[in-house]
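Observations on chain architecture
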Amino acid sequence: MLCDIRDALQYMRFGASEEELIELSEVLKAELIVVEILSFSDNVVDFAAKGKQKKRKCTKGYNCGGSCITRKKNCRKALKGEAKNAAEWLRMQLHGKGGTGASGEGKAKKANEAKAKKDNSSKGLMKSGEDFLENSERKAIDDYFEAQKTLDSRKNKINNVREQLYREYGAELVKSGGGETEGVKKTREKLDAKTKELDRLDDDLTSKRKKAEEAMENARQRVIKNRGISEKELNDYVNSLNIDKKVLNDNPKIREQIKEYVAMTGFKSKRMKGLDITSDRAHAEAHKNSGIVNTGRSQTEKAKKETLFHEMSHFYEAEKPEMRKAANEWRDRKAKDYSGGDLKKEKLSDLTGNKNYKDEEVAYRDSYVSPYVGKTYEGNLESGLAALKGKESHPAYNNTVKRLEESSQYTEVVSMGVERFANRESMLDLYEKDKKHFDLILGMLSR
Ligand SMILES: [Zn+2]
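Keep in mind it's a predicted model, so treat the numbers as computed, not measured.

So, on to the overall build of the protein chain. What the protein chain contains, in helices and strands, is 21 helices and 7 strands. Burial analysis of the protein chain (447 residues in total) assigns 28% to the buried set. Counting only contacts in the protein chain whose residues sit at least 6 apart along the sequence, the fraction spanning at least 24 positions is 63%.

Okay, here's the thing in structure tokens:
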């Protein structure tokens with residue numbers, strides 16, 4: 001009997017980790033009464049008590065008693081008779097009906113996912129983001145990019161042929177078919193057929209783009225579903241905010257959009273108190289406890305929602321230090337890769353050619369989806385401290401310096417990324433232009 005139960009436990013452990021073994025012994029302790037009926041009690045108590053122990057030679061846990069051919073591999077010996085029944089019963093205890101007890105692969109996947117979930121470094125988040133998309137979604141996106149490549153290369157080829165023919169026969173003659181010599185006729189027919197081919201490829205691209213966007217929307221909805229925040233909770237949150245009438249007039253859908261943001265990010269800001277329009281350029285006062293999102297004046301419906309997601313994400317980053325750290329890490333690593341090692345600040349007005357940026361607005365250069373992603377607020381600390389000179393005895397001094405240090409670590413990485421998750425088209429666009437940024441944000445959202 002001793003041998004049988006231990007064999008059964010071994011059977012349970014195909015691919016099992018040490019944590020799972022401990023979990024198993026916990027189950028065994030809890031189920032002792034049932035175990036007793038099965039008359040395994042002595043051995044099970046013994047095993048449960050020694051849950052964590054393993055034999056000297058075995059690296060996987062408790063060994064089966066047989067001599068190990070290799071210390072690295074799990075015992076694959078199938079069980080018979082009573083031991084098999086015991087193993088089935090144990091598996092039911094651990095994993096329920098149709099459980100994954102016998103599938104080492106399933107367990108390993110779960111363990112990997114759990115491990116990845118804990119890794120909040122920028123690389124860990126990117127990995128989670130990449131893994132979040134399902135194969136069918138990834139395929140739809142790849143198919144779209146493939147169709148785009150095909151169309152582009154055909155377009156180039158056909159344009160070359162067209163130009164060559166125009167040169168040979170004259171553009172007017174080829175287009176109109178006038179004069180209609182045999183050579184011109186053939187040429188015109190050839191071009192017509194090629195134009196039709198382009199139209200067909202264009203249609204194909206449109207339908208594939210639609211599917212790729214659907215895949216993005218699926219992923220977005222899955223993020224929301226996985227969080228499962230109730231409608232009541234979302235309503236309570238939006239009701240707690242002070243939304244100025246000007247904002248509601250400008251964007252009547254804003255309450256629903258705030259709810260969608262919370263449903264997707266799982267983030268209910270403690271600092272954000274209200275929304276207002278005080279200037280044309282949107283911004284968030286995430287460093288203040290009186291936190292206001294200034295929604296600015298965007299023109300289109302799409303831009304209004306994206307701006308809202310952008311500004312709310314400044315609070316997200318401000319209140320989630322681990323995500324802020326990852327965003328800094330990610331931005332700097334990319335900029336360093338781009339420059340070959342140095343981090344050099346450049347004026348955003350120079351990087352973009354837009355003179356509306358103030359001189360103190362600086363960024364690191366990289367192939368980000370927009371130069372604004374590389375913006376750094378580091379300089380705020382120095383200028384802020386200079387402004388506080390002579391006020392060291394003020395009771396709020398220490399807290400102000402602390403907040404200043406925090407705000408100098410703010411980035412535009414999260415905001416510029418999450419705004420793209422306001423709709424399927426912008427998600428696909430970000431994926432296309434900077435997949436690493438997409439992965440990072442999806443990784444954050446899937447946390
Ligand atoms: Zn911003």
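Here the narrative resumes, following the displayed structure.
Bringing the sheet that holds strand 1 (residues 242–243) into the picture now. Strand order in the open sheet formed by 4 strands is 1-2-4-3, with mixed pairing between adjacent strands. If you trace the sheet from one side to the other, it starts and ends with strand 1 and strand 3 (283–284), each paired once. One ladder, built from 2 bridges, connects strand 3 with strand 4 (residues 292–294); its direction is antiparallel. Each residue of the ladder has a partner; that of A284, found in strand 4, is V293.

So, about helix 20 (residues 424–433). When helix 20 is considered as a whole, its buried residues turn out to be R424, M427, L428, L430 and Y431. The buried side chains of helix 20 occupy one side of the element, clustering within an arc of 160 degrees when seen end-on. Close packing links the buried residues of helix 20 with helix 8 (135–169), helix 10 (182–227), helix 19 (413–418) and helix 21 (435–445).

In this section: the sheet that holds strand 7 (residues 375–376). Sheet architecture is open: 3 strands sit in the order 5-6-7, paired in antiparallel fashion. Two strands in the sheet have a free side with no partner beyond their single neighbour: strand 5 (345–347) and strand 7. Note that strand 6 (residues 362–364) and strand 7 share 2 bridges and pair antiparallel. Looking across to strand 7, one finds that A363 is bridged to K375.

For the pair helix 8 and helix 10, interaxial distance at closest approach is 8 Å and the crossing angle is 160 degrees. Compared by their axis directions, helix 8 and helix 10 come out roughly antiparallel. At the point where helix 8 passes helix 10, the crossing takes the left-handed sense. Along the lines of polarity and charge, the residues of the contact of helix 8 with helix 10 split into 17 nonpolar, 5 polar and 13 charged.

Judged by nonpolar contacts, the single largest core of 54 residues is most densely connected at A212, F309, M312, F315, F421 and I441. Counting contributing residues, this core receives three or more from each of domain 2 (132–227) and domain 3 (231–445). Once you skip the residues sitting within four places of it in the chain, I441 turns out to touch G129, G417, V418 and F421.

So, about the environment of E322. As for its position among the elements, E322 is in helix 15 (residues 321–339). We classify E322 as exposed; it has 12 C-beta atoms within 10 Å. For the pair E322 and S121, spaced 201 residues apart in sequence, the C-alpha separation works out to 7.9 Å.

Moving on to the confidence of the model for the protein chain. Residue-level pLDDT values for the protein chain average 81, and 72% of them are 70 or greater. Below a pLDDT of 50 lies the segment residues 30–66, which in the model reaches 54 contacts outside its immediate sequence neighbourhood of four places, other chains included. Scored below 50 in pLDDT, residues 68–75 makes 13 contacts in the model with residues more than four places away or belonging to other chains.

So, about helix 7 (residues 122–132). Turn by turn, an α-helix covers 3.6 residues, leaving residues three or four places apart pointing in a common direction. By the burial criterion, the buried members of helix 7 are S122, L125, M126, S128 and G129. Axial view of helix 7: buried residues confined to an arc of 160 degrees, hence all on one face.

Glancing now at the environment of H287. In this fold, H287 is placed in the loop between strand 3 and strand 4. When the 20 C-beta atoms within 10 Å are taken as the criterion, H287 is described as buried. Once you skip the residues sitting within four places of it in the chain, H287 turns out to touch A318, R403, E406 and S407.

Parameters and conventions
Residues numbered from 1 in each chain as written. Predicted model: local features only at pLDDT ≥ 70, side-chain atom pairs only at ≥ 80, totals over all residues. Helix = DSSP H or I, 4+ residues; strand = E, 2+ residues; numbered from the N terminus. Buried ≥ 20, exposed ≤ 12 C-beta atoms within 10 Å, placed from the backbone. Contact = placed C-beta atoms within 7 Å. Pairing = 2+ DSSP bridges. Arc of directions from axis to C-beta. Axes fitted to C-alpha atoms, helices over the stretch in contact; angles between N-to-C directions. Parallel < 35°, antiparallel > 145°, perpendicular 65-115°, else oblique. Left-handed = near helix turned anticlockwise from the far one by under 90°. Nonpolar A, V, L, I, M, F, W, Y, C, P; charged D, E, K, R; others polar. Core = buried A, V, L, I, M, F, W, Y, C linked by C-beta atoms within 7 Å. Domains from an automatic or database assignment. pLDDT = per-residue confidence, 0-100.

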